[in-house]
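Residue-level listing of the chains:
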Amino acid sequence: MEVIVLSDGEETVDEYAEPRRTGSTNAQGKRHRVAREFSDGIEGIVKLQQGASGTPKGVSGTSTDSKKARKGNSKVNAAPRVAPSKRAQGDYLRAREAAVKSCVFDLSKMPRGRFTTARTVKAMSAWGGLWPALREFMQNTIDHLGLAGADGLLHPALTLEHTGLAPNDATLVFRCGEVDVCVIRIREDQLVIDQAFTFALHPRALETGVLDSTKGGAATAGGFGDGFKTACIALLAQPALSASVEWEFEAPNGQLLNWRFVAAARPAVGSFRASKVLEVVVEDGASAAESRIGRTREASGSRDAVGSPLLRAPSMRQTICAARVGEAFVRCVMPRLMVFWSLAHGRSLLSTECGGCMLADASAQPVVPLAERQPEPGVYVKGIYVRKPFIDGLLMTFDGMSKLEVSGRDRNNVDAEECAEATMRMLKRCAQPDLLRELCKPLAGSADTAASKSWLLRSPRFLNPLLEEHADFFKFNVLGMPRDALFASRRTTQSKRPFLVWATAFLASRGAPLQPLDPNASRALFKEVAEEDLERLCVQKLLAEEKGLEGDAADRAATVRQLLRCGCAAAARMRVHFHAAV
């Protein structure tokens, strides 16, 4: 058993990865989804949440350690998912067919042979273990097939079925109606990803910086890109994994095409040391009738030898072999990819504008099927884990409309200021104002609530700058305090300075919005009223009341003014006001 350091810097026991620091997600993710996905997905979730009463069974509002959260909570029930509509399924399948047509080319003219990628096979510190490479392969599949919806969770048109309970012997099927879109077979040392609607890839994809019309833009990351080469290198550079990667494409006419990723040796030359470079062997496979897929189809009619449903061509099969890759996929990858999750939204903050923006306590979520643990707390961009969360124990998920992009050389980080801005945009468009108010109540320091009971307030270092910059929003919009409120603690109301004691009592008696300031209130949000402000407000009140003086009070004020003029030469230039309350 070995101990590795994951990308969030936290030590955890891992029996299937080398002791290297892992990286995180690629910036090429879903930026935007069509409006229909939003209405079928996030609005359905909001409606279900609004219809629910209280906190789901087993969900607690109290703080729990993030390590305990990953152990799982079988008492938390996922929110019921809206059943895929026929319209959404039809739109999804038509989009996949259109995507295939845009990638079709004449396979007979495609070159075969051994292609070099000009990439050296060497260990990379941020790509150690299995998570970074598996994340890259899965992101390619998720993007290419559009498995994720606008919120990063499973697309509203799809369903996900599980067969097998053991982490080393399970099958996951993504299905749209009666059409199997993607099948993932998990074995101890092998991971097989079958995906439909995938035309053969041209060797030009191996070129560095190749332009792909399907990549970029707001709608999609386009599927395959340069990252898969880095993922292959990361696996091949770890001898302990005994890794191999092979792709098999099947054309609509039954023609098969194989890609094998190999580490080719290069001898030392001059000052250049001996090394290995990534090469890809592209060759024709057996015909569909002669291949193992074809033979299985004839023998079983609809399922292959290991029980996976067969996909209609054009299709692709990715076979990734590595020591304990099956367990790595289940224990590490599934808790970090949102397409595998089912969430309990009863205690989550969702955005009304951005379909995939959410803040939720990871410890209040159901366990991920097969993984036997809850979703990994972290920052998620377009449904994929990037880094540990800025607020401890939270799921901080952002979609393409949030304007938050992945950064860093290895695409495993986000800018802290940009994440703070995206978080504030989400909070200002929160669809659960009552829940947000409840979570922010400890900011006022009320006696019946403690900051430890609010999962939103666990990390003051991240939140305090937001409270200072957006103080009006939190005080007035969230907590519902009067916009002209003054905050005075006992340090002011019981001060040894007579003026402060008199001023606060005077203003309170005149109905001023003087709010008591709790000693435990957030100093970043609430500021003690200044003496200058008290003086200014008292003068305003006194002058307003002076105009209404009548009878003896008015005569006394006039007498005082005459006495001052007689006893002081400068009194003629002075405006003296008299009030009985002073």
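Everything numeric in this text was worked out from a predicted model, so none of it was measured.

## What about the confidence of the model for the protein chain?
Next up, step 1: Per-residue pLDDT for the protein chain has a mean of 78; in total, 72% of the residues score no lower than 70.
Next up, step 2: Here residues 291-309 is a poorly scored stretch, pLDDT under 50, and it has 41 contacts once near neighbours within four places are set aside; other chains count.

## Considering the side chain of Arg347
Next up, step 1: Residue placement: Arg347 occurs in the loop between helix H8 (325-333) and strand S12 (349-350).
Next up, step 2: Look at Arg347 and you get buried, because its relative accessible area is 12%.
Next up, step 3: One polar contact links Arg347 to Glu438, side chain to side chain, over a distance of 3.2 Å.

## Some points on the packing of helix H5 (residues 131-145) against helix H6 (residues 227-236)
Next up, step 1: At their nearest, the axes of H5 and H6 sit 8 Å apart, and the two run at 150° to each other. Between H5 and H6, the angle is such that the two are roughly antiparallel. Two packed elements cross with a definite hand, and for H5 against H6 that hand is left-handed. Residues Ala133, Glu136, Phe137 and Asn140 of H5 pack against Gly227, Phe228, Ala231, Cys232 and Leu235 of H6.

## What to know about the packing of aromatic side chains
Next up, step 1: Scanning the entire structure with this criterion turns up 18 aromatic pairs.
Next up, step 2: On the numbers, 6.0 Å between centres and 75° between planes, the contact of Phe228 with Phe261 is edge-to-face. Taken together, the positions of Phe228 in helix H6 and Phe261 in strand S9 (residues 256-266) put the pair 33 residues apart, joining distant regions of the chain.
Next up, step 3: Under the relative-accessibility criterion, Phe228 is labelled buried at 0%.
Next up, step 4: Classification of Phe261 by relative accessible area gives buried; the value is 4%.
Next up, step 5: Between Trp247 and Phe249 the ring centres are 6.3 Å apart and the planes differ by 90°, which places this aromatic pair in the edge-to-face class.

## Overview of the environment of Leu514
Next up, step 1: As for its position among the elements, Leu514 is in strand S18 (residues 514-516).
Next up, step 2: In this structure the C-alpha to C-alpha distance between Leu514 and Phe487, which are 27 residues apart in sequence, comes to 6.0 Å.
Next up, step 3: For Leu514, the residues in contact, after removing those within four places along its chain, are Leu486, Ala488, Thr504 and Ala508.

## A short note on the sheet that holds strand S15 (residues 384-387)
Next up, step 1: Across the sheet, 5 strands lie side by side as S12-S13-S16-S14-S15; this open sheet has mixed pairing. Where the open sheet ends on each side, the last strands, each with one partner, are S12 and S15.
Next up, step 2: As defined by bridge partners, strand S14 (residues 378-381) adjoins S15 across 3 bridges and the pair is classed as antiparallel. Within S15, the position partnered with Val381 by the bridge is Ile384.
Next up, step 3: Packed onto the sheet, helix H9 (residues 416-428) meets S12, strand S13 (358-361) and strand S16 (394-398) and runs at close to 90° relative to S16.

## With respect to the side chain of Gln238
Next up, step 1: Among the structural elements, Gln238 can be located in the loop between H6 and strand S8 (244-250).
Next up, step 2: A distance of 3.0 Å separates a polar atom in the side chain of Gln238 from the backbone oxygen of Gly129.

## A look at the nonpolar core
Next up, step 1: Counting 92 residues, the largest nonpolar core has Phe137, Leu147, Ile184, Trp247, Trp259, Phe329 and Phe340 as the members making the most contacts within it.
Next up, step 2: The biggest single contributor to this core is H5, with 7 residues.
Next up, step 3: Filtering out sequence-adjacent residues up to four positions away, Phe329 remains in contact with Leu134, Met138, Leu172, Ile184, Ile186, Leu191, Met334 and Phe340.
Next up, step 4: With 47 residues, the next largest nonpolar core counts Met426, Leu443, Ala471 and Ala521 among its residues.

## A word on the sheet that holds S9
Next up, step 1: Within the open sheet, the 9 strands sit side by side as S3-S10-S9-S8-S11-S7-S6-S5-S4. Their pairing is antiparallel. Two strands lie at the open edges of the sheet, namely strand S3 (113-120) and strand S4 (159-166), each paired on one side alone. Here the strands of the sheet are splayed against their neighbours by 15° on average, with no regard to which way each runs.
Next up, step 2: Strand direction decides the pairing type here: strand S6 (residues 179-187) and strand S7 (residues 190-196), joined by 6 bridges, are antiparallel. Within the sheet, the bridge partner assigned to Arg187 lies in S7 and is Gln190.
Next up, step 3: Running at roughly 15° to S7, H5 makes contact with S6, S7, S8 and strand S11 (315-321) of the sheet.
Next up, step 4: In the packing of H8 onto the sheet, contacts are made with strand S5 (169-176), S6, S7 and S11, and the angle to S6 comes to roughly 115°.

## Points about the packing of H5 against H8
Next up, step 1: Here H5 crosses H8 at 80°, and the two axes come no closer than 10 Å. On the basis of their axis angle, the class for H5 and H8 is roughly perpendicular. Listed contacts from H8 to Trp131, Leu134 and Met138 of H5 are Val325, Ala328, Phe329, Cys332 and Val333.
Next up, step 2: For the contact of H5 with H8, the class distribution of residues is 8 nonpolar, no polar and no charged.

## Thoughts on unusual backbone geometry
Next up, step 1: The backbone of Leu370 sits at a positive phi, close to 75°, despite the residue not being glycine.
Next up, step 2: Structurally, Leu370 can be placed in the loop between S13 and S14.
Next up, step 3: For Lys382, which is not glycine, the phi torsion reads 55° and is therefore positive.
Next up, step 4: Along the chain, the position of Lys382 falls in the loop between S14 and S15.

## Considerations on the pattern of salt bridges
Next up, step 1: Evaluated as defined, the whole model comprises 20 salt bridges.
Next up, step 2: With a closest N to O distance of 2.6 Å, Arg175 and Asp180 form a salt bridge. Accessibility assignment for this pair places Arg175 and Asp180 in one class, buried.
Next up, step 3: Between Arg497 and Glu531 there is a salt bridge whose closest N-O contact spans 2.7 Å. Of the two residues, Arg497 is situated in the loop between helix H13 (490-493) and helix H14 (498-509) and Glu531 in helix H15 (residues 531-546); the sequence distance between them amounts to 34 residues.
Next up, step 4: Look at Arg497 and you get partly exposed, because its relative accessible area is 45%.
Next up, step 5: Assessed through its relative accessible area of 26%, Glu531 is described here as partly exposed.
Next up, step 6: Three or more residues are tied together by salt bridges with common partners; here these are Arg114, Arg266 and Glu279.

Thresholds applied
Residues numbered from 1 in each chain as written. Predicted model: local features only at pLDDT ≥ 70, side-chain atom pairs only at ≥ 80, totals over all residues. Heavy atoms only, no water. pLDDT = per-residue confidence, 0-100. Contact = heavy atoms within 4.5 Å. Helix = DSSP H or I, 4+ residues; strand = E, 2+ residues; numbered from the N terminus. Buried < 20%, exposed > 50% of the residue type's maximum accessible area, 1.4 Å probe, protein only. Polar contact = N/O pair within 3.5 Å; in protein donor to acceptor, adjacent residues only side chain to side chain. Axes fitted to C-alpha atoms, helices over the stretch in contact; angles between N-to-C directions. Parallel < 35°, antiparallel > 145°, perpendicular 65-115°, else oblique. Left-handed = near helix turned anticlockwise from the far one by under 90°. Phe/Tyr/Trp six-rings, centres within 6.5 Å; stacked < 30°, edge-to-face > 60°. Pairing = 2+ DSSP bridges. Core = buried A, V, L, I, M, F, W, Y, C linked by side-chain atoms within 4.5 Å. Nonpolar A, V, L, I, M, F, W, Y, C, P; charged D, E, K, R; others polar. Salt bridge = Lys/Arg side-chain N within 4 Å of Asp/Glu carboxyl O.

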